[in-house]
Amino acid sequence: GATPPLCGQGDPNGIGSASVMILGATRICASIIVSNIDPPNAAHIHNGAQGINGGVALALTAPAAGNPGASVFCTAAAPAGLAAAMRNNPQNFYI
């Protein structure tokens, strides 16, 4: 099969942090803080190995601004099995 592309499309001077809470079988909440980037156009939880562009597991609310910017997202309707997969194997997911 084809090798997935490496990550690295973001702003090299930008910084950010995210926290994710898994509450039950389908409720997932996330908060994102960014700085020194242009306004983001998307935010996602991806599934995949570190350093490789993985598929989108859950779309989040992106910060409206990028220097600084922040957003909060919660859903009680995460895809079936996602919360359990994230809880049991967090190393397989990234934002």
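Model, not experiment: these values are computed from the prediction. (Residues numbered from 1 in each chain as written. Predicted model: local features only at pLDDT ≥ 70, side-chain atom pairs only at ≥ 80, totals over all residues. Heavy atoms only, no water.)

(A) Structural view of the sheet that holds strand β5 (residues 69-75). The strand order β1-β2-β5 describes an open sheet built from three strands, whose pairing is antiparallel. Each edge of the open sheet is held by one strand with a lone partner, namely β1 (15-23) and β5. For this sheet, the mean inter-axis angle between neighbouring strands, taken without regard to orientation, is 10°. Bridge count between strand β2 (residues 27-35) and β5: seven bridges; the pairing is antiparallel. Bridge pairing in β5 places S31 opposite V72. (Pairing = 2+ DSSP bridges. Helix = DSSP H or I, 4+ residues; strand = E, 2+ residues; numbered from the N terminus. Axes fitted to C-alpha atoms, helices over the stretch in contact; angles between N-to-C directions.)

(B) Highlighting the side chain of H46. With respect to the helices and strands, the residue H46 is situated in strand β3 (residues 44-47). Here G54 takes part through its backbone oxygen, which lies 2.9 Å from a polar atom of the side chain of H46. Dropping the residues within four chain positions of it, H46 is found in contact with G54, G55, V56, A57, N92, F93 and Y94. (Polar contact = N/O pair within 3.5 Å; in protein donor to acceptor, adjacent residues only side chain to side chain. Contact = heavy atoms within 4.5 Å.)

(C) Quick look at the pairing of β3. In this sheet, strand β4 (residues 55-59) lies alongside β3 in antiparallel orientation, the contact comprising four bridges. Counterpart to H46 in the pairing with β4 is V56. Where β3 lies against strand β6 (residues 93-94), two bridges are found, and the strand directions are antiparallel. Residue pairing across strands places N47 opposite F93, the latter belonging to β6.

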